[in-house]
Amino acid sequence: MGRLATVIDGGFATQLTQHVGDRVDGDPLWSARFNATDPEAVKKVHRDFLEAGAELIRTNTYQASIGNYMKHLGLSEEAAISLIQDTVGFAKEARDEFARTSEKGSVPQVFGSIGPYGACLADGSEYTGSYVVSTSPSVIREWHKKRISVIIEAGVDALAIETLPSAVEGEILLNLMREDFPDVKFWLSFQCRSDSETAAGENYQEAVRRIWKKVKEDGVLSKNFLAIGVNCTHPDRVTPLFSGLNQEEDRIPLIAYPNSGETYDVVEKKWICDRAQQPLESRVQEWIGLGVRYVGGCCRNYADDIRRLRETLDSVARQLPPTD
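Residues numbered from 1 in each chain as written. Predicted model: local features only at pLDDT ≥ 70, side-chain atom pairs only at ≥ 80, totals over all residues. Heavy atoms only, no water.

What is the right way to look at the pattern of salt bridges in this model?
Close approach of charged atoms allows side chains with opposite charge to pair. Scanning all chains against the criterion turns up 25 salt bridges. The salt bridge involving D180 is made with K145; its shortest N-O contact spans 3.1 Å. Here D180, found in helix α8 (residues 167-180), pairs with K145, found in helix α7 (residues 137-154); they are 35 residues apart in sequence, far enough to count as distant. In this structure D180 comes out as partly exposed when scored by relative accessible area, which is 28%. Using a relative accessible area of 27% as the deciding quantity, one classes K145 as partly exposed. (Salt bridge = Lys/Arg side-chain N within 4 Å of Asp/Glu carboxyl O. Helix = DSSP H or I, 4+ residues; strand = E, 2+ residues; numbered from the N terminus. Buried < 20%, exposed > 50% of the residue type's maximum accessible area, 1.4 Å probe, protein only.)

What follows is the structure, given as structure tokens:
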């Protein structure tokens, strides 16, 4: 059976509500609080996605930062670092437990989730990228460097650098990975506000092509760069954002894990329930045709959504002619 794309997990905080109830949204630490208060629930979420067919899970570190753990949990810097490393361990434990009992043979990967600088501000700016204008690039770089170092030390297969609102932050991270973490694989994923723009208003395809050009011309980056794409974006926007990027032989590896199509009200701190009319699994073949190599879901996509996605991919793959 041919492999069409790697299936990643869905919305961690979304699935977490199945275990802890409606106590996640609106918290400045979001799902990251439960790394301290209910680690068993965190591990259950990872197991949910693995049992649904995810081949790759992300650590619950998107909103976890040393400073915010010190501020909102009253931890020392040392204890905050230890909690982030324990959180990586929760994902690895869930993965290892699943691998021991699974009959599939392959061992799923664990990627460290790296959210944008704006996530630590908990003021909604991660959805606009406004902080990129007012914050020094060196501040953003050092904030990421410290947290990434902790997560890598805890042992992950690669990094999922995700939900970036601005190409500026994306390029800061690209340079950081090249200069400080030359042996670590990673992807870059952006959120977009329209069919052509990042959340900060930059032309998305121009940003992707600029980043891809830097990757190809650099030996370190070309060795470690896994994909570039979108997440936490309405699924209707994926196709127009990607269309035309891969018309030549030099194909850009893409990743897509959009949200459900619902909108998060940053003022009321709650979701406006209006799921996209077309489910993820009905779109996946089109996305793969555009060059998508990793596919999954973001906010408001549950383990059941990932299960249907995986079943669809497996069904399509069974219909393909055998490869030599």
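Past the structure itself, the notes keep going.
Sorry, what's going on with unusual backbone geometry here?
Working note: non-glycine residues mostly have negative phi, and peptide bonds are mostly trans. The residue A122 is not glycine, and still its phi comes out positive at about 55°. Overall, the relative accessible area of 31% leaves A122 in the partly exposed class. Even without being a glycine, T163 presents a positive backbone phi close to 60°. Assignment of secondary structure puts T163 in strand β4 (residues 158-164).

Got a minute to help me understand the side chain of N246 in this structure?
Within the secondary structure, N246 sits in the loop between α11 (238-242) and β7 (254-257). Sequence-distant contacts of N246, defined by excluding residues within four places in its chain, comprise R251, I252, L254, L290 and G291. (Contact = heavy atoms within 4.5 Å.)

Where do I start with helix α1 (residues 12-20) in this structure?
Structurally, the α-helix is built with 3.6 residues per turn, so residues lying three or four positions apart point the same way. Those residues of α1 not exposed but buried are F12, A13, T14, Q15, L16 and V20. Those residues of α1 that are buried are in contact with α2 (34-37), α3 (39-52) and α13 (303-318). Taken from the residues just after α1, G21 is the one with a positive phi, measuring 80°.

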